[in-house]
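Residue-level structural notes
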Amino acid sequence: MPQADDGVVVAKGTLQQKPVVIISIEGIFQGGSLGEVGGAKIAGALELASEDNRDGIPTAAILLLETGGVRLQANLGLAAIAEIQAAIVALRQYQPVVAVIAGSVGCFGGMSIAAALCSYLIMTQEGRLGLNGPQVIEQEAGVHAYAVKDRPFMWSIT
């Protein structure tokens, strides 16, 4: 369950007997909005995985992304996304970084660029990826211009 202040869950363990860090942005927390605290947790976890690799512990990363980007937590959230992107690129030289976009929130904003920087990107049929998501468009342009609940319309565009 995400904490009340950031919506990011980080876990470290093994997957098929190999070290891995798993990072999840919860779409149920403010539409997956990423801010300073959550961004620092993600960047820090990726940086620690790189450090593990330098110390001889081959640690990969899996990012479970359900995020509208920085939507609600602007400047420091944007800085955190830059740190996340740099940490992904740094870790890729050692081990794969896998992004998974499975939920209906999708992955938008600066985190869509982070997803594109990963070694692999896995998406379900329901997952969406783009710079500006439907919820943000509806919020800014109004429901009359873009109604998220009008699924046929939304899927014809997104």
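Residues numbered from 1 in each chain as written. Predicted model: local features only at pLDDT ≥ 70, side-chain atom pairs only at ≥ 80, totals over all residues. Heavy atoms only, no water.

Looking only at helices and strands, the protein chain features five helices and seven strands. Reading the protein chain from its N end, one meets helices and strands in the order β-β-α-β-α-β-β-α-β-β-α-α. Across the 158 residues of the protein chain, 44% fall into the buried class. Contacts spanning at least 24 positions in sequence make up 63% of the contacts within the protein chain whose residues lie at least 6 apart. Surface exposure of the protein chain reaches about 8,100 Å², of which carbon and sulfur atoms provide 57%. (Helix = DSSP H or I, 4+ residues; strand = E, 2+ residues; numbered from the N terminus. Buried < 20%, exposed > 50% of the residue type's maximum accessible area, 1.4 Å probe, protein only. Contact = heavy atoms within 4.5 Å. Areas by Shrake-Rupley, 256 points an atom, 1.4 Å probe, with all protein chains shown as cover.)

Pairing within the open sheet is mixed, and its five strands lie in the order S1-S2-S3-S4-S6. Two strands in the sheet have a free side with no partner beyond their single neighbour: strand S1 (8-15) and strand S6 (120-123). Strand-to-strand twist in this sheet, taken as the mean axis angle between neighbours without regard to direction, amounts to 20 degrees. Sheet analysis places S1 next to strand S2 (residues 18-25), joined by eight bridges and oriented antiparallel. Within the sheet, the bridge partner assigned to leucine 15 lies in S2 and is lysine 18. (Pairing = 2+ DSSP bridges. Axes fitted to C-alpha atoms, helices over the stretch in contact; angles between N-to-C directions.)

Here we take up the layout of surface pockets. A probe as big as a water molecule, rolled over the atoms, marks out the empty space that is left. Space inside the largest pocket adds up to approximately 170 Å³. The wall of the largest pocket is formed by Leu15, Gln16, Lys18, Pro19, Val20, Pro58, Ala60, Ala61, Ile62, Gln95, Pro96 and Val98. The set of elements that each furnish at least two residues to the lining of the largest pocket consists of S2 and strand S3 (60-64). Looking at the lining of the largest pocket, its residues break down into nine nonpolar, two polar and one charged. (1 Å grid on protein atoms, 1.4 Å probe; cavity = no way out; pocket = protein on both sides within 12 Å on 5 of 7 lines; lining within 4 Å. Points joined across faces, edges and corners; volume = space filled by probe spheres on them. Nonpolar A, V, L, I, M, F, W, Y, C, P; charged D, E, K, R; others polar.)

This part takes up a nonpolar patch on the surface. There is a patch of nonpolar side chains on the surface, built from Leu121, Met123 and Leu129 and spanning about 230 Å² of accessible area. For leucine 121, the position within the fold is in strand S6. (Patch = residues over 30% accessible without salt bridge, like charges linked within 9 Å, V, L, I, M, F, W, Y side chains within 5 Å. Salt bridge = Lys/Arg side-chain N within 4 Å of Asp/Glu carboxyl O.)

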